[in-house]
Amino acid sequence: MYNIFYQSHAGSWAILIIFFLLSYFFHNQKWLSIITRIFYLMMIVTGVGMLFLLKFPLVFIVKGLLAILLIGTMDMILMKKKKAQPHSIFWIVFVIILILVILLGFHVIHF
Ligand code: HEM
């Protein structure tokens with residue numbers, strides 16, 4: 001079971017980032033933002049699934065919380081773009097949290 005969650009999670013995160021970028025640059029395409037949202041859900045479900053099976057190690061609790069913040073930031077960026085409001089600060093936050101989440105996911109940062 002862990003393997004199913006892990007493979008889906010490991011196989012989806014980069015696709016999520018690609019769909020997020022596509023939704024940003026082609027914001028008139030509604031289906032792109034729907035697919036991006038499906039991937040948000042997929043990452044959360046598989047991530048929480050692994051978290052349960054691993055019995056909640058602190059490092060992945062932190063990673064999960066940062067990842068949820070990351071998803072919030074991505075959605076905020078898409079919303080601000082749609083409303084044509086300034087949002088460069090959210091891009092900075094996005095890049096920083098994304099790097100942290102990836103480093104935690106690949107055990108580069110561990111505690
Ligand atoms: C946008 C959201 C997310 C991104 C970009 C992301 C990214 C990653 C990456 C890159 C890995 C390493 C994959 C690999 O080894 O090939 C990973 C693993 C993992 N992620 Fe996420 N993740 C996200 C959401 C979440 C959430 C919401 C949770 C939990 C609530 C979570 C929990 C985990 C866990 C437990 C692992 C397994 C680490 C292991 O066993 O080695 N992730 N994630």
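Residues numbered from 1 in each chain as written. Predicted model: local features only at pLDDT ≥ 70, side-chain atom pairs only at ≥ 80, totals over all residues. Heavy atoms only, no water.

Caption draft 1: Structural detail: the site of the ligand. Near the ligand you find 23 residues, and of these Y2, Y6, H9, K63 and H107 are the closest. One nitrogen or oxygen atom from the side chain of Y2 is found 2.2 Å from an oxygen atom belonging to the ligand. Note that an oxygen atom of the ligand is positioned 2.4 Å from one of the side-chain N or O atoms of Y6. Put simply, the parts of the chain that give the shell around the ligand at least two residues each are helix 1 (2–25), helix 2 (30–53), helix 3 (58–82) and helix 4 (88–105). Its residues assigned to classes, the shell around the ligand comprises 17 nonpolar, 5 polar and 1 charged. (Near = heavy atom within 4 Å. Polar contact = N/O pair within 3.5 Å; in protein donor to acceptor, adjacent residues only side chain to side chain. Helix = DSSP H or I, 4+ residues; strand = E, 2+ residues; numbered from the N terminus. Nonpolar A, V, L, I, M, F, W, Y, C, P; charged D, E, K, R; others polar.)

Caption draft 2: Geometry of the packing of helix 1 against helix 2. In the contact formed by helix 1 and helix 2, the axes pass within 8 Å of each other and the chain directions differ by 150 degrees. Classed by the angle they form, the pair helix 1 and helix 2 counts as roughly antiparallel. Crossing of helix 1 against helix 2: the hand is left-handed. A per-class count over the contact of helix 1 with helix 2 returns 18 nonpolar, 9 polar and no charged. (Axes fitted to C-alpha atoms, helices over the stretch in contact; angles between N-to-C directions. Parallel < 35°, antiparallel > 145°, perpendicular 65-115°, else oblique. Left-handed = near helix turned anticlockwise from the far one by under 90°.)

Caption draft 3: Structural detail: helix 3. Here helix 3 is 25 residues long and its end C-alpha atoms lie 36 Å apart, about the 36 Å a rise of 1.5 Å per residue gives. Within the sequence span of helix 3, burial applies to V59, F60, K63, L66, A67, L70, I71, T73, M74, I77, L78 and K80. Contacts from the buried residues of helix 3 go to helix 1, helix 2 and helix 4. Directly after helix 3, the chain includes A84, whose backbone phi takes a positive value near 55 degrees. (Expected span 1.5 Å × (residues − 1). Buried < 20%, exposed > 50% of the residue type's maximum accessible area, 1.4 Å probe, protein only. Contact = heavy atoms within 4.5 Å.)

Caption draft 4: Geometry of the packing of aromatic side chains. Per the counting criterion, the structure on display carries 9 aromatic pairs. Taking the centre distance of 4.9 Å and the plane angle of 85 degrees together, the rings of Y24 and W91 count as edge-to-face. Of this pair, Y24 sits in helix 1 while W91 sits in helix 4, and the two are 67 residues apart along the sequence. This pair shows no difference in class: Y24 is buried, exactly as W91 is. Through pairs of rings, three or more aromatic residues link up here, namely F20, Y24, F25, W91 and F94. Stacked on the ring of Y24, the Lys or Arg K81 has its end atom at 4.2 Å from the ring centre. (Phe/Tyr/Trp six-rings, centres within 6.5 Å; stacked < 30°, edge-to-face > 60°. Lys NZ or Arg CZ within 6 Å of the ring centre and 35° of its normal.)

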